[in-house]
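The chain contents come next:
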Amino acid sequence: MKIVTYNVNGLRPRIAQFGSLPKLLNSLDADIICVQETKLRRQELTADLVMAEGYESFFSCTRTSERGRTGYSGVATFCRVKSAFSSDEVALPVAAEEGFTGLLEIGKGEMAAAAEGLEEFSKDELLKVDGEGRCIITDHGHFVLFNLYGPRAVCDDTERIEFKLKFFKILQKRWESLLLQGRRIFVVGDLNIAPTSLDRCDAEPEFENNQFRRWFRSMLVENKGSFFDVFRAKHPNRREAYTCWPQNTGAEEFNYGSRIDHILCAGSCLHQEQDLQSHNFITCHVKECDILTQYKRWKPGNSLRWKGGQSIKLEGSDHAPVYTSLLEIPCVFQHSTPSLSARYIPMVRGLQQTLVSVLMKRQTAEQVNSDGDIIKESCSERERSSSDHCSTPGVRSGNSCSSSSQNFEVLSSKTNEHSNGFSMEDTCNTLVTLGGQRTKTMCGIEPKKKAKRSSQLSLRSFFQKSSIPSNGVSNGTDTSTNQIDVPDSNHLSNETPIPENQSGSPKHCELNSSASIEDQDEVDVCSLQKEKNNFALMEWQRLQQVMQNSIPLCKGHREPCVARVVRKRGANFGRRFYVCARAEGPASNPEANCNYFKWAASKPRQK
């Protein structure tokens, strides 16, 4: 059996990266795949995001409406199985639970009681830590699997530090309760904790004194705790084994990161003989545990950050998956997939319909069909009785609807008088055949389509002619201004004035003059636009040069810095600064970032 944990940094972009959810899961080639930071709300759990052939999935999404945390975090567990029903596979859980407090029960209509061992906490406290979609628990018979996404807390955010402390305190109580029941536990996921300085590049002297790192180490067997850090158990002295790298500093180029994605296990082995000195789950059942570094965004051969690579967007998560392979895990009793499975989510399964609603829909459909037949008959009768042109006021004579009383067949005349806002008296669209030819006839007022209006008028529109009715010109004639000769102005002054309704009227002369003016203006506008574009290009190049000259050079490499903006709320929010353009790396590496920093001259306006 193989278990993988992977912080995907958004499940939707990872699916897009691999082409589909099945391709993403199959690339990991594991029996149980635990992903964190899905960034999906419950109403977004559609089939293409949660269902894959051969997998059962279990999701937990954030429930909080707190600013900045809506659609954030979220975890999901995918179990590769041959059958979702009546199966003895270990990968298919016998039970599943959202959260770890016992209070989140989907679909039961009421909240359950708090889990055993959590009686000292109030329901509000428990619901708050479970409200961010950070845990899915699946019971696989031989062990209970916790898929976790631990909260992050910076040193000066006291509110999040308090939340993180309570999160792990409640979680520890739940673990202790299960261990007292004799259960084995696997904990996988992004805990947002690097336990020792060995797990952090260039760790400071006080690094290990952090309260969360002390708590993590207190849970381990070497400190009389119950859990094994499976990776360290297999690779106790490996350095530079990191699973996460900062996104905006290019730190992956120099492998400047942290190991915060973990696999922990606690409990006895599965063998019958229980000799505590020689038997434990790690030695008996764990074959390997390692980091899948091939999933890193930056790979050897990519352009370096300061040599054009800064503009290249690296595809993938800022985390790498971690896996473990287990041995001698026997089958379990026959069971089916738990009710928490994503296959039972309404957005995936569809809403169940009652028999009454189905019958009502059928009755409505039949009524619509019968109404259509009535309209069809009315239109047919109207056409049979009409032998003359049935022109309607407001409709041009060229669009008259005449039809022969013989040799015609109504092919399609269904029109719903309630559709599109037109009644049967206004519109009747009928397709008939006349002498073996199909003809489309319109009876009634033809609905006019609303012309799209541009938000900005072009110069040409001011010189376009309007249609002028003329007694001597038929409706089908197009009197284009290009086809009309423009008389000489002197000749016009000696001629007798022509009536306005004739084709050679002064209005037509004005149109001809407008046409020539339009052509000349169009040339002028094109040349003016070209000059403006050239001026804008030169001005932009000048500004770029000024900006380039104002960018300082870092002291370590004498290279142009990159400009950034403070995004953290505070006195300097929105203020620009300059830093070394090279990727972040160990201080011992002269090719890495030299830590140059300089504030920009201007300060943000205080609102």
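Just so you know, these numbers come straight off a predicted model, no measurement behind them.

Procedures and definitions
- Residues numbered from 1 in each chain as written.
- Predicted model: local features only at pLDDT ≥ 70, side-chain atom pairs only at ≥ 80, totals over all residues.
- Heavy atoms only, no water.
- Helix = DSSP H or I, 4+ residues; strand = E, 2+ residues; numbered from the N terminus.
- Buried < 20%, exposed > 50% of the residue type's maximum accessible area, 1.4 Å probe, protein only.
- Contact = heavy atoms within 4.5 Å.
- Areas by Shrake-Rupley, 256 points an atom, 1.4 Å probe, with all protein chains shown as cover.
- Polar contact = N/O pair within 3.5 Å; in protein donor to acceptor, adjacent residues only side chain to side chain.
- Phe/Tyr/Trp six-rings, centres within 6.5 Å; stacked < 30°, edge-to-face > 60°.
- Lys NZ or Arg CZ within 6 Å of the ring centre and 35° of its normal.
- Core = buried A, V, L, I, M, F, W, Y, C linked by side-chain atoms within 4.5 Å.
- Axes fitted to C-alpha atoms, helices over the stretch in contact; angles between N-to-C directions.
- Parallel < 35°, antiparallel > 145°, perpendicular 65-115°, else oblique.
- Nonpolar A, V, L, I, M, F, W, Y, C, P; charged D, E, K, R; others polar.
- Pairing = 2+ DSSP bridges.

*Asks:* Looking at this structure, I do not really get the overall build of the protein chain. What am I missing?
*Replies:* When its secondary structure is counted, the protein chain shows 12 helices and 18 strands. Each of the 607 residues in the protein chain was classed as buried or not, and the buried ones make up 40%. A separation threshold of at least 6 residues defines the contact pool for the protein chain, and within that pool the share at least 24 residues apart is 68%. Element-wise, carbon and sulfur atoms account for 49% of the exposed surface of the protein chain, whose accessible area totals about 35900 Å².

*Asks:* Honestly, the environment of Glu120 in this entry has me stumped. Any pointers?
*Replies:* Here Glu120 lies in the loop between β5 (95-98) and α4 (123-130). When the C-alpha positions of Glu120 and Ile170 are compared, they lie 9.7 Å apart, and in sequence the two are 50 residues distant. The contacts of Glu120, once residues within four sequence positions are left out, are Lys169 and Lys173. Reaching out from Glu120, the side chain makes a polar contact with the side chain of Lys173 at a distance of 3.3 Å.

*Asks:* Sorry, what's going on with the packing of aromatic side chains here?
*Replies:* Any aromatic ring pair is given by two values, namely how distant the centres are and how the planes are angled relative to each other. A complete count under the given rule lists 16 aromatic pairs for this structure. Taken together, a centroid distance of 5.1 Å and an interplanar angle of 85 degrees make the contact between Phe100 and Phe167 edge-to-face. A residue pair is termed long-range when its members are at least 10 positions apart, and Phe100 in the loop between β5 and α4 and Phe167 in helix α5 (residues 158-180) qualify at 67 residues. Given a relative accessible area of 0%, Phe100 falls into the buried group. Judged by relative accessible area, Phe167 falls into the buried class, the value being 0%. With centroids separated by 6.4 Å and ring planes inclined at 35 degrees, the aromatic side chains of Phe163 and Phe167 adopt a geometry described as tilted. One end of the pair, Phe163, and the other, Phe167, are both in helix α5, 4 residues apart, so they sit about a helical turn from each other. Here the aromatic cluster, defined as three or more aromatic residues joined through ring pairs, consists of Phe100, Phe146, Phe163, Phe167, Phe168, Trp175, Trp215 and Phe227. Directly above the aromatic system of Tyr323 lies the positively charged group of Lys2, at a separation of 5.1 Å from the ring centroid. Geometry around Phe163 places Arg160 over its ring, the cationic atom sitting 4.4 Å from the centre.

*Asks:* What's the story with the nonpolar core in this structure? I'm lost.
*Replies:* Generally speaking, soluble globular proteins have nonpolar side chains that are buried together. With 33 residues, the main nonpolar core has Phe186 and Phe281 as its most contacted residues. Elements with a contribution of two residues or more to this core: β2 (32-36), β8 (185-190), α7 (230-234), β10 (261-266), α8 (281-285), β11 (286-291) and β12 (322-326). Per-element tally for this core: the top contributor is β11, with 3 residues. Those residues within four positions of Phe186 in sequence are excluded, and the remaining contacts are Phe143, Val144, Leu145, Phe146, Ile263, Leu264, Cys265, Phe281 and Leu326. Listed in part, the 32 residues of the second largest apolar core include Phe121, Val129, Phe163 and Trp175.

*Asks:* Please explain the packing of α4 against α5 as it appears in this structure.
*Replies:* For any two helices packed against each other, the geometry comes down to the angle between their axes and how far apart the axes lie. As a packed pair, α4 and α5 sit with axes 10 Å apart at the nearest point and diverge in direction by 100 degrees. Classified by the angle their axes make, α4 and α5 are roughly perpendicular. Facing α4, whose interface residues are Glu125, Leu126, Lys128 and Val129, α5 presents Phe163, Lys166, Phe167 and Ile170. Of the residues belonging to the contact of α4 with α5, the class tally is 5 nonpolar, no polar and 3 charged.

*Asks:* What exactly am I supposed to notice about the sheet that holds strand β16 (residues 562-565) here?
*Replies:* The strands that make up a sheet are held in pairs by hydrogen bonds between backbone atoms, and each pair lies either parallel or antiparallel. Spatial strand order, β16-β17-β18: 3 strands in an open sheet with antiparallel pairing. Across the chains shown, the open sheet's two edge strands, defined by having one partner strand only, are β16 and β18 (597-599). Each strand axis lies, on average, 30 degrees off the axis of its neighbour in the sheet, ignoring direction. Across 3 bridges, strand β17 (residues 576-579) lies against β18 in antiparallel orientation. The residue of β18 that forms the bridge with Val579 is Phe597.

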